[in-house]
Amino acid sequence: MAVFIDLNISYTADKKRLQNIIETAAHLGYSTVAINHVVDFQQKKQEIGKPQCISDLFEQFPIVQGKSRPIKVLNRLTVVVSEASHFRTTNEVKLYDIVAVFPKTEKLFHAACMTYDVDIICIAVTEKQPFFFKRPPVNGAIERGVFFEISYVAAIKDSTMRRYTISNAHSLMETSKGKNVIVSSGAEKPLELRGPYDIANLGLLFGLSEGDAKAAVSTNCRAALLHGETRKTALGIIHTVKKPQPTAKRQEEEEEEGPAVKRAKTEAM
Amino acid sequence: MWHADNMSEPASYERRVFKNTSVYHYMKIYLILDSEDKMLNAAHFKQMIIAALRDLYGEIGAAFPFDVLKFEEDTLTAVLRVYNSGLVKLWSALTLLGSYHSEPCAVRVAQVSPFLLALSGNSRELELD
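Let us look at the structure shown here. This is a predicted model, so every value here is computed, not measured.

Cut-offs applied
Residues numbered from 1 in each chain as written. Chains lettered and ligands numbered in written order. Predicted model: local features only at pLDDT ≥ 70, side-chain atom pairs only at ≥ 80, totals over all residues. Heavy atoms only, no water. Helix = DSSP H or I, 4+ residues; strand = E, 2+ residues; numbered from the N terminus. Contact = heavy atoms within 4.5 Å. Areas by Shrake-Rupley, 256 points an atom, 1.4 Å probe, with all protein chains shown as cover. Axes fitted to C-alpha atoms, helices over the stretch in contact; angles between N-to-C directions. Parallel < 35°, antiparallel > 145°, perpendicular 65-115°, else oblique. Nonpolar A, V, L, I, M, F, W, Y, C, P; charged D, E, K, R; others polar. Left-handed = near helix turned anticlockwise from the far one by under 90°. Buried < 20%, exposed > 50% of the residue type's maximum accessible area, 1.4 Å probe, protein only. Pairing = 2+ DSSP bridges. 1 Å grid on protein atoms, 1.4 Å probe; cavity = no way out; pocket = protein on both sides within 12 Å on 5 of 7 lines; lining within 4 Å. Points joined across faces, edges and corners; volume = space filled by probe spheres on them.

### A look at the overall build of chain B
- Each helix and strand in chain B was counted, giving two helices and seven strands.
- The secondary structure elements of chain B, listed N-terminal to C-terminal, are β-β-β-α-β-β-α-β-β.
- Put simply, of all contacts in chain B between residues at least 6 apart along the chain, 64% involve residues at least 24 apart.
- Carbon and sulfur atoms make up 53% of the accessible area of chain B, which totals about 8,100 Å².

This is how it looks when you write it as structure tokens:
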């Protein structure tokens, strides 16, 4: 079973509130969340700072519901690009686990899809989509493994925003056909979070198929995370897991007591 | 159509296979309100859901039947019954419900099942080791 991931928890300086949101996310069944730091260069005095150290946040991370494992928290950077000079891959950018851009114009959207070294491209949800999604950049992004993100918090807060969210999502789906789409929260309060199955159902409203809607909160998010990890390496990533070798004594015990099929497979190696 | 099949003789159980899909889905939901001093009864609760449906789907889209089978006022937990065709609509309306009387609120969907009996326990609340 795929694990559920929410890649957009809004960063607040209020540590208590952040803890509260992450606890709620763990309770709802999200195995991984990403704290989103937004940088908009149009506002004054904006610069990409170093991400907050995750281990400062909790002494003990909350346990994910039904998983008996603690929740994983990541850092994410979103750069709002309204001019081509806004996005550059600097050393600060590399400190973040995931990098997203929010292109404001069609030209920048094209550049983000085709050339920018990012993992996620955000889609406007609080305003009418200012440009049309053309097929070449969208296909280019899908080929490069870049994902499109729709955040649902605006749809919960306000009915006008809800209209924009749904209509922008539909126009994206028309071009992307439901491929490479992720749905995330963007929550600023615990009450704005929704469960992963709720979001999989909400995806149907955005024009996704049932399978794509579920992938939008699980496998696609994981793919985006892995895409983010490749930025720190040359080409790709391989995970290796060391299997625990049973000690000689335990082995004997197992041979005596345990049925043959249930013995660990490591001894044959 | 119920189909019972007794396995071999000593078996003390009976296997029942439910061949037709159920016409209903049942949902166990609970409401979280920001302020705790609000009192809510079953009628208010259903009114709230109908308002949420109408908000999202309009007069025509919201015109499908659903029932509140049970509502506990102290825990704000409810069991809803809805025809399969209305499930996606009802569920999405509950998801996008964000405020009640201009107070922030959230509806948590605990379980969804075509069988009412399945709501009697929740495997996700089991302690795993």
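### Quick look at the packing of helix H4 (residues 135-144) of chain A against helix H6 (residues 159-176) of chain A
All names here are of chain A.
- Where H4 meets H6, the closest approach of the two axes is 9 Å, and the angle between their N-to-C directions is 75 degrees. Of the possible angle classes, the one that applies to H4 and H6 is roughly perpendicular. On the side of H4, the interface is formed by Arg135, Val138 and Ile142, while H6 contributes Glu174, Thr175 and Ser176.
- Within the contact of H4 with H6, the residues separate by chemical class into two nonpolar, two polar and two charged.

### Points about the packing of helix H1 (residues 42-61) of chain B against helix H2 (residues 87-95) of chain B
All names here are of chain B.
- Interaxial distance between H1 and H2 falls to 8 Å at its minimum, and their mutual angle equals 125 degrees. The angle between the axes of H1 and H2 places the two elements in the oblique class. With respect to the hand of their crossing, H1 and H2 are arranged in right-handed fashion. Between H1 and H2, the contacting residues are Ile49, Ala52, Leu53, Leu56, Tyr57 and Gly61 on the first element and Val88, Lys89, Leu90, Ser92, Ala93 and Leu94 on the second.
- When grouped by side-chain class, the residues that make up the contact of H1 with H2 number nine nonpolar, two polar and one charged.

### Structural notes on the pairing of strand S7 (residues 181-184) of chain A
Residues and elements named next belong to chain A.
- Side-chain alternation along S7 places Val181 and Val183 on one buried face and Ile182 and Ser184 on a second face that is also buried.
- Here strand S6 (residues 147-151) pairs with S7 via four bridges, running parallel. Paired with Glu149 across the two strands is Ile182, which belongs to S7.

### Structural notes on the pairing of strand S5 (residues 77-83) of chain B
All names here are of chain B.
- Most of S5 is tucked away, with five of its seven residues classed as buried.
- Across seven bridges, the pairing between strand S3 (residues 24-33) and S5 is antiparallel. Looking at S5, one finds that Met27 is bridged to Leu80.
- What sits between strand S4 (residues 66-72) and S5 in their antiparallel hairpin is a turn of four residues, with Leu76 showing a positive phi close to 60 degrees.

### Points about the environment of Pro137(A)
Residues and elements named next belong to chain A.
- Its location among the elements puts Pro137 in helix H4.
- The sequence separation of Pro137 and Ser151 amounts to 14 residues, and the corresponding C-alpha distance is 21 Å.
- Setting aside anything within four residues of it in sequence, one finds Pro137 in contact with Phe109, His110, Cys113 and Met114.

### As for the sheet that holds S4(B)
Residue and element names in this part refer to chain B.
- If you walk across this open sheet you meet the five strands as S4-S5-S3-S7-S6, and the pairing is antiparallel. Each of the sheet's edge strands pairs with one partner strand only, and the pair in question is S4 and strand S6 (99-100).
- With eight bridges joining them, S3 and strand S7 (residues 103-113) adopt antiparallel strand pairing. Across the sheet, the residue bridging to Tyr30 is Arg108, located in S7.
- Contacting S3, S4, S5 and S6, H1 runs over the sheet at an angle of about 140 degrees to S4.

### A short note on empty space enclosed by the protein
Residue and element names in this part refer to chain A.
- The final tally for this structure, using the stated rule, is one cavity of 30 Å³ or more.
- Considering only enclosed or pocket space, the largest cavity measures out at about 60 Å³ in volume.
- Lining the largest cavity are Phe102, Pro103, Lys104, Phe109, Cys122, Ile123, Ala124, Glu127, Gln129, Pro130 and Phe131.

### Here we look at the sheet that holds strand S5 (residues 120-122) of chain A
Residue and element names in this part refer to chain A.
- Here we have seven strands laid out as an open sheet, ordered S1-S2-S3-S4-S5-S6-S7, and parallel in their pairing. On the outer flanks of this sheet lie strand S1 (4-10) and S7, each paired with one strand and no other. Sheet twist, expressed as the average angle between the axes of neighbouring strands with direction ignored, equals 30 degrees.
- Where strand S4 (residues 98-103) meets S5, two bridges bridge the pair, whose relative direction is parallel. Following the sheet pairing, Val101 is matched in S5 by Ile121.
- Contacting S1, strand S2 (30-40), strand S3 (72-81), S4, S5, S6 and S7, helix H9 (residues 219-230) crosses the sheet at an angle of about 65 degrees to S1.

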